[in-house]
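# Observations on the model geometry
Residue strings, one per chain:
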Amino acid sequence: MTKRINRIIIFFLLASLTVFLISSHQVRFADTPPHINKLSNISNCRMIEHTLGKTCVPNNPERIVTLNDIILGNVLTLGVKPIGSATYFRKNKFSPQVKRKVGDINLLGIIRQPNLEKMLLLKPDLIIGWRTTDQVNYSLLSKIAPTVLYDSQGLSWQEQFNFVANTLGKEATATVVLNNYKQRVQKLKQYLGSRYKQQKISLINFCCNGIISDVKNSFAGTILNDAGLQRPEAQDINQKYGIMEIPEEELWKADGDILFVSAYLDSDRSYLKKLEQKPLWKNIRAVQKNHVYFVDATAWRGNSLIDAEVVIDDLFKYLINP
């Protein structure tokens with residue numbers, strides 16, 4: 001009897017220790033990931049090549065976890081609702097456009113710091129993330145479920161969408177969705193006609209007490225380019241990560257006939273309010289013409305098809321029906 005009690009006590013202590021180690025991210029999972037047995041039959045999964053190697057992904061994953069809003073948005077666009085996701089905008093919220101689509105799902109913390117213990121309890125069958133933010137947790141994530149990480153900085157937003165579609169086996173759906181995007185852009189171009197042919201469209205974002213412009217190869221920049229809209233010369237360039245910093249004394253780089261402005265935080269909006277009182281701001285053509293439009297940074301600086309829909313909606317709203 002005593003031995004049995006001792007075994008129960010030891011089992012309880014070991015179980016408690018395991019949970020503690022998982023929650024502190026210091027766990028060493030068993031050598032064989034728990035998902036391996038489920039996928040022991042190769043016919044039940046497809047080999048997906050990604051930045052960190054190859055992963056056998058279930059043919060029909062049903063319990064998907066995404067590790068940021070952009071991947072979440074693309075998965076939703078493909079008609080799939082994940083069971084949980086991390087976010088990079090706010091600790092307790094998803095971006096507005098994603099929230100409208102997803103409703104309520106399990107929030108798994110913020111980017112770079114996903115709650116692995118909560119994720120483990122959800123029993124996902126597929127995890128999708130970015131190499132740049134999730135590589136540090138890759139070995140732990142791979143023990144929870146088959147994990148695919150891709151390099152977001154090496155792919156355009158449409159290439160990222162196609163990668164997610166391929167991972168989920170949703171290539172046919174992706175073709176339909178991208179065709180819908182192209183049709184909306186074509187419709188926008190028809191409505192625009194030639195009225196903005198000689199006008200320059202400027203994009204600036206207030207972030208971290210500074211000013212950034214999303215240039216030609218940025219997410220929003222490629223949408224403007226697809227729509228045939230012209231950029232100011234200073235912004236009509238390709239830059240690493242698609243962004244260009246604009247020092248306040250070089251605010252002329254934000255000059256344009258139309259100016260789209262976004263800001264993430266209240267502190268950034270306060271900075272903008274102060275800047276609006278200065279001559280440098282008042283000299284911008286768009287300001288003088290009252291053609292300054294404030295848009296949602298989470299969409300215009302996003303990278304998913306859901307974000308693209310918001311950008312196109314705004315272009316219709318401000319350029320076609322101002």
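This section reports on the structure supplied with the text. (Residues numbered from 1 in each chain as written. Predicted model: local features only at pLDDT ≥ 70, side-chain atom pairs only at ≥ 80, totals over all residues. Heavy atoms only, no water.)

Further remarks concern the packing of aromatic side chains. Under the definition given, this model contains 10 aromatic pairs. In this structure an aromatic cluster arises from ring pairing among Phe260, Tyr293, Trp300 and Tyr318. (Phe/Tyr/Trp six-rings, centres within 6.5 Å; stacked < 30°, edge-to-face > 60°.)

Taken as a whole, this structure holds 1 disulfide when the rule is applied. Two residues share a disulfide in this structure: cysteine 45 and cysteine 56, whose sulfurs sit 1.8 Å from each other. Taking the sign of the S-S torsion, about 75° here, the bridge from cysteine 45 to cysteine 56 comes out right-handed. Of the two residues, cysteine 45 sits in strand E1 (residues 45–50) while cysteine 56 sits in strand E2 (residues 53–58), which places them 11 residues apart along the sequence. Residue cysteine 45 is classed as buried on the basis of its relative accessible area of 7%. (Disulfide = S-S within 2.5 Å. Helix = DSSP H or I, 4+ residues; strand = E, 2+ residues; numbered from the N terminus. Buried < 20%, exposed > 50% of the residue type's maximum accessible area, 1.4 Å probe, protein only.)

Its volume calculated, the largest pocket comes out at about 900 Å³. Elements with a minimum of two residues in the lining of the largest pocket: helix H5 (131–134), helix H7 (157–168) and helix H9 (219–226). (1 Å grid on protein atoms, 1.4 Å probe; cavity = no way out; pocket = protein on both sides within 12 Å on 5 of 7 lines; lining within 4 Å. Points joined across faces, edges and corners; volume = space filled by probe spheres on them.)

Unoccupied space between atoms shows up once a probe the size of one water molecule is rolled over them. This model, assessed by the stated rule, comprises 1 cavity of 30 Å³ or more. As a volume, the largest cavity reaches approximately 50 Å³. Lining the largest cavity, in full, are Leu203, Ile204, Asp214, Ala220, Phe260, Val261, Ser262, Val295, Trp300 and Arg301. If you tally residues by element for the lining of the largest cavity, the top one is strand E12 (residues 258–263), at 3 residues. In the lining of the largest cavity, the residues fall into 7 nonpolar, 1 polar and 2 charged. (Nonpolar A, V, L, I, M, F, W, Y, C, P; charged D, E, K, R; others polar.)

Time to look at the nonpolar core. Within soluble globular proteins, side chains that are nonpolar generally end up buried alongside one another. Ranked by internal contacts, the top residues of the largest apolar core, which has 52 residues, are Leu168, Ile223, Leu229, Phe260, Trp300 and Leu315. The contacts of isoleucine 223, once residues within four sequence positions are left out, are Trp157, Tyr181, Ala308, Val311, Ile312 and Leu315. In this structure, Ile204, Phe206, Leu275 and Ala286 belong to the second largest nonpolar core, which totals 18 residues. (Core = buried A, V, L, I, M, F, W, Y, C linked by side-chain atoms within 4.5 Å. Contact = heavy atoms within 4.5 Å.)

For a regular strand, the rule is simple: side chains alternate between the two faces of the sheet. The pairing of strand E4 (residues 84–87) with strand E5 (residues 106–110) spans 3 bridges and is parallel. Across the sheet, the residue bridging to serine 85 is leucine 107, located in E5. Joining the antiparallel neighbours E5 and strand E6 (residues 113–114) is a turn of 2 residues, in which arginine 112 adopts a positive phi near 75°. (Pairing = 2+ DSSP bridges.)

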